[in-house]
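Structural overview
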Amino acid sequence: MAGYSPGEQPSPGEQVIKLNTNENPFPPSPRVVEAIRRITPEALRRYPSSMADEFRVVAARVHGVPPESILAGNGSDDILQIALRTYCGPGDVLVCPAPTYSLYPVLAELADVRLIPIPWEPGWRLPTEALLGARGRAIFFANPNSPSGTWVPIADIEALAEGTEALVLVDEAYVDFADDNCLSLLRRRRNILITRTFSKGYALAGLRFGYAIGDPAVIANMAKVKDSYNCDVVAIAAACAALDDVEYARGNWRVIRAERERLFVELERRGFAVIPSQANFLLVTTPDAAHAGWLYSALKVRGVLVRFFDKPTLDNKLRISVGAPQENDRLLAALDASLDRDPSPIARSTTT
C-alpha cells in the first residue's frame, strides 16, 4: 500500500518560509508553555487519566456540552482512526467526497474497509445524493475541506445526516478560521460526530492533541476502541491551558484571516485562480505560463515551501498556507522572481 505522504519538513537549522503544512505561524499561548513547565516528575511517573478527564471538563465548559460528549486523542488523526474502527469492519464501506483529506483512504486500507470516493459537485458543493447512494457505514469529510478550503453549509450537512443512519463525521480541523461550525447540529442529529485539533488554531502541531464532540452514546462506544492511554500528561495539561486561553488564540485567528484575504487578492492579481477559503490556506491554480510542479521547485530554490499534490485534478495547483505578514511578503516576492524567470533550468519532475 501507499502510506500517507506528509508535507516536506526542512532539515534542522535550514532557514525556510514553511507554508506547506498549514501550521499556525504564531506561537501558542504563554499559558501553554507555563502549564508544561509545571509538570512534575511525579506526574510523569504515573499513567495519565485514560480518558483525559481534566480536558473533558474544560472542553465541555467551552463548547456547552456534557463531559461525556468529549473524547480526547493523540491528534485528531487518532480520533479519525478510532471512529473508523468503531463503525467500520473489514469489507464495510467508508464514503468520502473527493478530493478531501488524504489520510482517509490510508486509514480505510489499513482497516480493510472499502473506500468509495464521490466527486464534489461543481462549486465544491456536497454531493449529498451520491454520498447517500453509496450506502456506507460512515461518511467522512473535512469542513472546511482540505485541500480546497471550501465550506459546506450547515443545512446541507444536516440534510445529509437526516438521510442516513451512518456516522457522519465532520472533520473541523480548520474551523477556527471559518465563519461558523457544526456544533449546533449535535443537539438535533445523534449520528453526527465532530473532530477538532490543536495543530492549526492553537499552534500545537508539535504536541499532538485532538478530540471528538458527539452524542454520549457514540463517545462511549468509541472509548471501547481507543488505546488505553492515548494522551500523555504533558499534552493534556497543554491542551487544557490552550482551551482556557481561547481569547489569545482568537487574536491570532483574526490576523490569519486578514492575511488570507490579502493573499487572495495578491495572488489573483498575479494571474492565479484562487478558490475562496474558510481555512488557513489557499488552493490556487497556477497561471498558464507556470507549471505547478515547476513553480513548487522554483519557490523551494528561493527558500519558500508550499504543497504540490502530484495527482489528477490537483497537479495544476498549489496549496499555500497563510503565514505571518512578513512570511507572506517573502512568498509574494519569491513568486514574482520565479514567474519572471525562464523555467528551463529548474527540474520539472518534483516529489513532495
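Attention here is on the structure that accompanies the text. (Residues numbered from 1 in each chain as written. Predicted model: local features only at pLDDT ≥ 70, side-chain atom pairs only at ≥ 80, totals over all residues. Heavy atoms only, no water.)

Examining the overall build of the chain
How we decide: To qualify as a helix, a DSSP run of H or I must reach at least 4 residues; to qualify as a strand, a run of E must reach at least 2; elements of each kind are numbered from the N terminus. Note on method: radius of gyration uses C-alpha positions; expected globular size equals 2.2 Å times residues raised to 0.38. The buried label applies to any residue whose accessible area, calculated with a 1.4 Å probe on protein chains only, is under 20% of its type's maximum; exposed applies above 50%, and partly exposed to all values in between. Per-residue accessibility takes into account occlusion by the displayed protein chains alone, with areas from the Shrake-Rupley method and a 1.4 Å probe.
A count of helical and extended segments in the chain gives 12 helices and 12 strands. Relative to the 2.2 N^0.38 estimate, which gives 20 Å for 352 residues, the radius of gyration of the chain is 20 Å and therefore close to what a compact globule would have. Viewed in the frame of its principal axes, the chain has a C-alpha envelope of about 60 × 50 × 35 Å. Among the 352 residues that make up the chain, the fraction classed as buried is 55%. A total of about 15400 Å² of accessible surface is found on the chain, and carbon and sulfur atoms cover 51% of it.

Quick notes on the pairing of strand β5 (residues 138-142)
Here is the rule we go by: Whether two strands pair depends on DSSP finding at least two bridges between them.
Burial of β5 is extensive: 5 of the 5 residues sit out of reach of the surface. Side chains Ala138, Phe140 and Ala142 project from β5 onto one buried face, and the interleaved Ile139 and Phe141 project onto a second face that is buried too. The pairing of strand β3 (residues 93-98) with β5 spans 2 bridges and is classified as parallel. Considered in β5, the bridge of Leu94 is made with Ala138. Pairing analysis gives 5 bridges linking β5 to strand β6 (residues 167-171), with the strands arranged parallel. The partner of Phe140 across the bridge, within β6, is Leu169.

Section: the pattern of salt bridges
This is how it is decided: Every case where a carboxyl oxygen of Asp or Glu lies within 4 Å of a side-chain nitrogen of Lys or Arg is listed as a salt bridge.
One pass over the structure, following the stated rule, counts 20 salt bridges. With a closest N to O distance of 2.9 Å, Arg188 and Glu158 form a salt bridge. Residue Arg188 is found in the loop between β6 and β7 (192-197), and its partner Glu158 is found in helix α7 (residues 154-162); the two are separated by 30 residues along the sequence. Residue Arg188 is classed as partly exposed on the basis of its relative accessible area, which comes to 44%. Residue Arg190 pairs with Asp215 through a salt bridge whose shortest N-O separation is 3.2 Å. Taken together, the positions of Arg190 in the loop between β6 and β7 and Asp215 in the loop between β8 (210-213) and α8 (216-225) put the pair 25 residues apart, joining distant regions of the chain. For Arg190, a relative accessible area of 57% gives the class exposed. For Asp215, a relative accessible area of 17% corresponds to the buried category. Residues joined in a network through salt bridges with shared partners are Glu266, Arg269, Arg270 and Asp336.

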